[in-house]
Every structure is written in C-alpha cells, then in structure tokens.
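Each chain, written out:
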Amino acid sequence: DDEYVRVKYSTTEGALALMWLDPAQTADGKQPFLFTQGESVFTRTWIPLQDTPGVRITYDATVRVPKPLTAVMSAESNPAVDASARGQKNDAQGENENVFHFHMSHPIPSYLIALAVGDIEFKPISARCGIWAEHTVAQGAHDELIDTERMVASAEKLFGPYRWGRYDLIILPPSFPFGGMENPCLTFATPTILAGDKSLVSLVAHELAHSWSGNLVTNATWSDFWLNEGFTVYFEQRIMEAVYGRERAVMEEQLSKAELIRDMKDLEARDQVLHPDLTGRHPDDYFSGIPYTKGALFLMRIEEVFGRARFDRFLRSWFDSHPFQSVTTADFLAFLDKGLFAQDRAAAAKIDVHAWMDEPGLPPDCPSPTSPLLAEIDREIALFVDTKDPRRLHTEGWVTQQWLHFLEGIALEGSAPQIDREQMERLDGAFHLTSSGNSEILCVWLRLAVQSGYEPADATLVSFLMRVGRRKFLEPLYRELAKTPAGLERARNIYKKARPRYHAVSSGTIDEILHWQAASSKG
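Residues numbered from 1 in each chain as written. Predicted model: local features only at pLDDT ≥ 70, side-chain atom pairs only at ≥ 80, totals over all residues. Heavy atoms only, no water.

*Asks:* Pulling in residues and values, what's your account of the sheet that holds strand E9 (residues 129–134)?
*Replies:* The strand order E8-E9-E10-E12-E11 describes an open sheet built from five strands, whose pairing is mixed. Edge strands, defined here as strands with exactly one partner in the open sheet, are strand E8 (120–124) and strand E11 (180–181). Alignment of E9 against strand E10 (residues 167–171), held across four bridges, turns out to be parallel. What sits directly across from Ile131, in E10, is Leu169. In this fold helix H1 (residues 135–144) packs onto E8, E9 and E10, with an angle of close to 150 degrees to the strand it touches most, E9. Seen against the sheet, helix H3 (residues 202–209) touches E10, E11 and strand E12 (186–189) and runs at an angle of roughly 130 degrees to E10. (Pairing = 2+ DSSP bridges. Helix = DSSP H or I, 4+ residues; strand = E, 2+ residues; numbered from the N terminus. Contact = heavy atoms within 4.5 Å. Axes fitted to C-alpha atoms, helices over the stretch in contact; angles between N-to-C directions.)

*Asks:* Could you give me a rundown of the state of the cysteines, with the residues and numbers involved?
*Replies:* Within the structure shown, the criterion is met by zero disulfides. Between Cys129, a cysteine without a disulfide, and Cys185, which holds the nearest cysteine sulfur, the sulfur-to-sulfur distance is 11 Å. (Disulfide = S-S within 2.5 Å.)

*Asks:* Provide a residue-level description of the confidence of the model for the protein chain, including the pertinent values.
*Replies:* Overall, the prediction assigns the protein chain a mean pLDDT of 94, with 96% of residues at 70 or greater. Long-range and interchain partners of residues 80–91, a stretch whose pLDDT sits below 50, account for 23 contacts in this model, where long-range means more than four residues apart. (pLDDT = per-residue confidence, 0-100.)

*Asks:* A description of the pairing of E8 should follow, citing residues and the corresponding values.
*Replies:* Sheet faces and side chains relate simply in a regular strand, where the side chains alternate between the two faces. The sheet contact formed by E8 and E9 spans five bridges and is antiparallel. Bridge pairing links Pro124 to Gly130 in E9. Connecting E8 to the next strand, E9, in antiparallel fashion are four residues.

*Asks:* Please provide a residue-by-residue account of the packing of aromatic side chains, values included.
*Replies:* Applying the stated criterion across every chain yields a total of 39 aromatic pairs. Each ring, one from Tyr234 and one from Phe311, has its centre 5.7 Å from the other, and the planes form 70 degrees; the classification is edge-to-face. Here Tyr234, found in helix H4 (residues 226–244), pairs with Phe311, found in helix H7 (residues 308–321); they are 77 residues apart in sequence, far enough to count as distant. Positioned over the ring face of Tyr244 is Arg248, at 5.0 Å from the centre of the ring. (Phe/Tyr/Trp six-rings, centres within 6.5 Å; stacked < 30°, edge-to-face > 60°. Lys NZ or Arg CZ within 6 Å of the ring centre and 35° of its normal.)

*Asks:* Could you give an account of the sheet that holds strand E2 (residues 33–36), with specific residues and numbers?
*Replies:* An order of E1-E2-E7-E4 is seen for the four strands of this open sheet, with the pairing classed as antiparallel. The sheet terminates laterally at strand E1 (18–21) and strand E4 (70–73), the two strands that pair on one side only. The sheet shows a mean angle of 15 degrees between the axes of neighbouring strands, taken without regard to direction. Bridging between E1 and E2 involves four bridges; their strand directions are antiparallel. Among the inter-strand pairings, Met19 is bridged to a residue of E2, identified as Phe35.

*Asks:* So what's going on with empty space enclosed by the protein? Residues and values would help.
*Replies:* Empty space among the atoms becomes apparent when a probe as large as a water molecule is rolled across them. Under the defined criterion, the tally for this structure stands at six cavities of 30 Å³ or more. Of the pockets and cavities examined, the second largest cavity occupies roughly 90 Å³. Surrounding the second largest cavity, Glu39, Ser40, Phe178, Trp222, Phe225, Pro283, Asp284, Phe287 and Arg471 form its lining. Among the residues forming the lining of the second largest cavity, the class breakdown is five nonpolar, one polar and three charged. (1 Å grid on protein atoms, 1.4 Å probe; cavity = no way out; pocket = protein on both sides within 12 Å on 5 of 7 lines; lining within 4 Å. Points joined across faces, edges and corners; volume = space filled by probe spheres on them. Nonpolar A, V, L, I, M, F, W, Y, C, P; charged D, E, K, R; others polar.)

*Asks:* Please provide a residue-by-residue account of the environment of Glu182, values included.
*Replies:* In this structure, Glu182 sits in the loop between E11 and E12. Of the residues examined, Glu182 reaches a relative accessible area of 3% and is grouped as buried. Beyond its immediate chain neighbours, meaning those up to four positions away, Glu182 contacts Glu39, Tyr111, Leu112, Thr187, Glu207, His210, Asn215 and Glu229. (Buried < 20%, exposed > 50% of the residue type's maximum accessible area, 1.4 Å probe, protein only.)

*Asks:* Go over the layout of surface pockets, please, and point to the residues and values.
*Replies:* Within this model, the second largest pocket holds a volume of roughly 1200 Å³. Lining the second largest pocket are 31 residues; nearest its centre among them are Tyr9, Trp46, Ile47, Ala61 and Thr62. Sorting the residues of the lining of the second largest pocket by element identifies E1, E2, strand E3 (56–66) and strand E7 (115–118) as the ones contributing at least two each. Top element by residues in the lining of the second largest pocket is E3. It accounts for ten residues. Here the residues of the lining of the second largest pocket sort into 24 nonpolar, four polar and three charged.

*Asks:* An account of the pattern of salt bridges is requested, with residue identities and associated values reported.
*Replies:* Side chains that carry opposite charge are capable of pairing whenever their charged atoms lie near each other. Tallied over the entire structure, the rule returns 34 salt bridges. Salt-bridge contacts for Glu408 lead to Arg447; the nearest nitrogen and oxygen are separated by 2.8 Å. On the criterion of sequence distance, the pair formed by Glu408 in helix H12 (residues 400–410) and Arg447 in helix H14 (residues 439–452) is long-range, its members being 39 residues apart. The same class applies to Glu408 as to Arg447, namely buried. Members of the salt-bridge network, linked through shared partners, are Glu241, Arg246, Glu253, Glu303 and Arg308. (Salt bridge = Lys/Arg side-chain N within 4 Å of Asp/Glu carboxyl O.)

*Asks:* Give me the lowdown on the packing of helix H15 (residues 458–467) against helix H16 (residues 471–481), citing residues and values where you can.
*Replies:* Where H15 meets H16, the axes come as close as 10 Å, and the angle between the chain directions of the two elements is 135 degrees. Judged on the interaxial angle alone, H16 and H15 are oblique. Viewed along their axes, H15 and H16 form a crossing whose handedness is left-handed. Contacts from Leu461, Phe464 and Leu465 in H15 reach Phe473, Leu474, Leu477, Tyr478 and Leu481 in H16. Here the contact of H15 with H16 is composed, by residue class, of eight nonpolar, no polar and no charged. (Parallel < 35°, antiparallel > 145°, perpendicular 65-115°, else oblique. Left-handed = near helix turned anticlockwise from the far one by under 90°.)

Next up, the structure:
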C-alpha cells in the first residue's frame, strides 16, 4: 500500500517564486494576478520539496481562488473531477470561490511546477491548443499566435509525438521576467511577444521545442543547462524553418550568433564554456547566450558534418531512448559517440568536442549562418554611415529582424561610427522609432538613445522600464545607463520605483548591475 506524509505549510512574502500583482499592474486593471516562476531553484520557496532537476515527480493539485478569478497550472485539468480539459470550474465551487483540480501524470523536475491565477479567459486555436489571457488581451493574442497548432504538428514530424496532451499558452502581465517559460501543457509568455505581425513568435517555437528538450529529457544539473537550451534553440530554428521558411530561420540564426558575440565581450572565460563548473555558484549566475546559442551552434556543426537526415535520426533516437529522464552532458556525449560518431570516425574527427564543451569562445569550426536579406541591410548600413541621411534608405518591406540588424549595425564600435544624437533625431523623424510598438526594436532603440544622449526618448525609456519586467530587455538598458555616474544615478532613481514591479529573477540581475544593496544602505 502507498504511504503518505501530509505537510501543512504556508509561504511568506519572501517566497521568490511568487509574483503577486495589484490590479494596476495587469492589462485589465480590475483584478489582482498571481504567477509563479520556479526556474532555476525557486520552487523550493513555495513548495517544500527536493528542488533539483535531477529529481522528477508527478503531482495533483486542488486550487481555490476567489471569484471571479481562474487558476491554471502546468498540468491537465483532472478529467475525473472537472468537466473540461481546460480548467473549467466544477460543482464543488463555493459561494465566494472557484475550485480547480489538476493532474500531472508524467514525472517532471520541480522547476516545471507552475501556477497562474487571474481574471482570464480561454480562446481555442485547435483541439489541443489555445490561449489564456486577460480579456483585453485575449483576442489579439489568439490572432498573433494562431499558427501554434502548425508549430506543434511540424515539431512532431521532426522529433516524435507530442506527449503532454494539451499545448496551451498563457499571456502573463508584463512583469513576467522571461520571454517564455516552458511549463508542461501551458507555456507562460510575456506580452512583449505580441508585436501585431507575428514577427516575434519564434518564442512560441522555442517554448514548444522544450516539450522535448528540457521537459521530456531534462538537464540533470544546472551545469548541463545547455542540454535544455542549446537543443531547444536548434529545434526552434527547425520549427521556424518548417512553418515560415528557410530565409526567416537563417535571419534569426545570424542575429542570434551576432548577439552572442556581442555578449561574450562582457563574459568571463569560465562563463563562455558549454559545460561550466558551478560549484558554489547560483545557477542564474551562468545565465547568458552561451548555453542557448553556443549550444545550438554545436548541434548545427554536427548537422553540417553528418548531414541533416542522419542527424535527425540520431536526435529522434535520443528522445525515444530517454523519455522523462534527467541526463548529464556525459550521458549525451556517450550516446553521441556510440549512436553517431562511431559510424563515421573520419567525420567525427572534424568536430572538436572538447573545444565546444570546455573552452571559452567559439571554436574555429563554428557555423556561420548568412542571410541574403540581412546582406541587403549591410548595404543600407554602409549607406547611412556614409550619408547620415535616412531618406536615402530603402526600408520598404523590412521585417523586425532586418530592423534589428540595421540598428545594431549603425551602432557598432570600430567598424562603424557610434550613432550620435543628431543621427538619432533624423532616424526618429523618418521612422518614429521612439513610438515603436515592437518591444525588440524599441529595446535596441532605447539603448542607443541612452548611448547617444537622445533626450526625446527619455520619457519612453522610463515608461518601458516601469512597465516591462522581462530581464532580456531590462539588463541591457540598465547596463547602458550605469556606464556613467549621471546615468547610474538616473538608473537607480528609476529602479527605486520599478523594482517592486519586477520578479526576483530580474531584480537579482539588476541589483548587481546597479550595486543596489550598497546604494540602498547609504540611503
């Protein structure tokens, strides 16, 4: 017979996984909101458990929330209790509360246990996919993410069957610290991906890919993080290629590599290796593009050498051989050697696994994805650097990725002059970039505004930092501000007001950039 231990406990206001939002911090502005974020080691702050990705568990949950709120979790609604597979309320609800029941039958690591509560509604996309969001956001999110079912079907052709039942997404308030979080059955996503033109939906492909790499087969320790993220970036690119075409995928691959190269300038050598020693360090200290993009480039290199067909068969066998398991880098390298390298030692000799795993930087054999569409932008960058006249640019039909490449290109140190205030003013007058509704473009533009001293963007910068909690955007903006004494003071003044709106994942990073604890202790 099964034995049970019942533990009664309560959380405190210091539970780092929990983000409690007042109505004013939500899209609708009428009801409070709660969401959890467990990765990497925060689930222990709201559930007493063994909080390591090497330990996998199943769970059942009963959640009671005040009316009119709805609760959703990283699990399917329990069909034995609920009338619907999408968390519909049942007859057990009380006069002033709604009651929800959830069941996760597959063993998962604790960081994937997730809960969100808010005044939200559901918009179906297909029989197994749909969108949860606040009422004012729901329809727009549904229309933006309408290709989700196509992504799932494309991923299944590549990696094998989707094994989690439903694949839904919930659009959270802007304080969510990540672009997305791959919680099983229910991806948590930031509203900053809703650009209105599907230009940022690669994030959905990324979180969906985690249903195989990360959720199905999980890194056993955080030193093996690249097994989650490197695989997932590679698979994201493959899904995007299948759904939107090769050219879109190559643009995003080239941009990702360029961003990684920029980021490595600020990383210590020990943080540039794929398989780091994290002894005595918080796992989040290793968060960067290394496990993501360098990991994906390693897999792209294997594909280059062995061919896509052979590599796809190998990857399918990796997932089929390790479902619902936590694995180490050593496990994967042994499987790689036996399942692929041993079949062609001459080809395997072309890949320096040691350099990829244990050496800083990018190895000499690193792939170099090159997009013809971005090559066209290189010519426009040269034209602008030469003429300083935005009216000479041929911007018709540019997509988000091309704008990002242009803005990064005109600000390059060394190969092109840094953009100055006058050039910013001309660009803004021509393209209204300060009022851009695309968060990716706006973040780069605001970073350049700080760099060049472009004051007309100041109000937008403050509004953005107060509104958005996504660490990907906060970190470069606060880091740019902190480069000068005046900018650092300005950043601290903004942060003092914005910090309560940020999740601990984001505030922990910004605290370090702004030396916040030391500054706070001085008053």
